[in-house]
Amino acid sequence: DALPIYPEKALEYYTIAAEHSYVDGFVDIGDLYHENVLPCDDRCAMAISCYQKAIAFGCTRAEYNLALEYLDERSPYVNKEEGSEIMRASARHDSNEARLFLAMSYMRGKEPFSKNTATGMRYLKDMAASGDGAALYYLGKILVDRLYGQERNTDEGLLLIRMAADKGFLDAVNDLAHFYE
């Protein structure tokens, strides 16, 4: 049985955490607004405000979330230029989520990022070299499926997917199960 959800109580505790310098409290409050768990007239503005407070304390998770807010077509505050700059800053500040987002955006040429396979592959290879499970998986898939103009290398691709599975990346585990059916 799931616990009942009390968003006002969550807000109360996250606020206490934020007031005691637990910066992720601001991000968590922003997420509650972003996901429309906390009702308000302008949930996007409230989320942005919370993320900006956390960024002032150096929180890369808040940078990533703020960038997503600005890049979201559904947001009334969509600002692709600002969002892309914040996403790049978050990646420079060691956010693997931002790095993966940029890698896949460059690979796909997802606006506002121009298609640049070399840049996307560089992000993925750097992340994979540091052992990031998601990067290992996506790099492996690219090599196995010959995506984005890359040469097929099934052996290396499967090795990378196995490494991602060993790190607990569930998409990799699932793909390996299908591969060996």
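Relevant structure appears above.
Residues numbered from 1 in each chain as written. Predicted model: local features only at pLDDT ≥ 70, side-chain atom pairs only at ≥ 80, totals over all residues. Heavy atoms only, no water.

**Student:** In this structure, what is going on with unusual backbone geometry? I would like to understand it.
**Tutor:** It is generally the case that most residues other than glycine have a negative phi and that most peptide bonds are trans. Residue Pro-112 is reached from Glu-111 by a cis peptide bond, and omega for that bond is 10 degrees. By the element assignment, Pro-112 lies in the loop between helix H6 (96-108) and helix H7 (117-129). A positive phi is found at Asn-36, a non-glycine position, where the angle reads about 60 degrees. With respect to the helices, strands and loops of the structure, Asn-36 is situated in the loop between helix H2 (24-34) and helix H3 (43-56). (Helix = DSSP H or I, 4+ residues; strand = E, 2+ residues; numbered from the N terminus.)

**Student:** Looking at this structure, I do not really get the packing of aromatic side chains. What am I missing?
**Tutor:** The geometry of an aromatic ring pair is captured by the separation of the ring centres together with the interplanar angle, meaning the angle of the planes. Counted under the stated rule, the structure contains 8 aromatic pairs. A ring pair is formed by Tyr-137 and Tyr-138, whose centres lie 5.1 Å apart and whose planes are at 65 degrees; its orientation type is edge-to-face. You can call Tyr-138 partly exposed: its relative accessible area is 25%. Seen in terms of ring centroids, Tyr-138 and Phe-169 are 6.3 Å apart; in terms of plane orientation they differ by 70 degrees. Their pairing is edge-to-face. Of this pair, Tyr-138 sits in helix H8 (residues 133-145) while Phe-169 is found in the loop between helix H9 (154-166) and helix H10 (170-179), placing the two residues 31 residues apart along the sequence. According to the relative accessible area criterion, Phe-169 is partly exposed, its value standing at 22%. Following the ring pairs from residue to residue traces out a cluster consisting of Phe-101, Tyr-106, Phe-113 and Tyr-123. Note that Arg-122 overlies the ring of Tyr-123, its terminal NZ or CZ placed 5.3 Å from the centroid. (Phe/Tyr/Trp six-rings, centres within 6.5 Å; stacked < 30°, edge-to-face > 60°. Buried < 20%, exposed > 50% of the residue type's maximum accessible area, 1.4 Å probe, protein only. Lys NZ or Arg CZ within 6 Å of the ring centre and 35° of its normal.)

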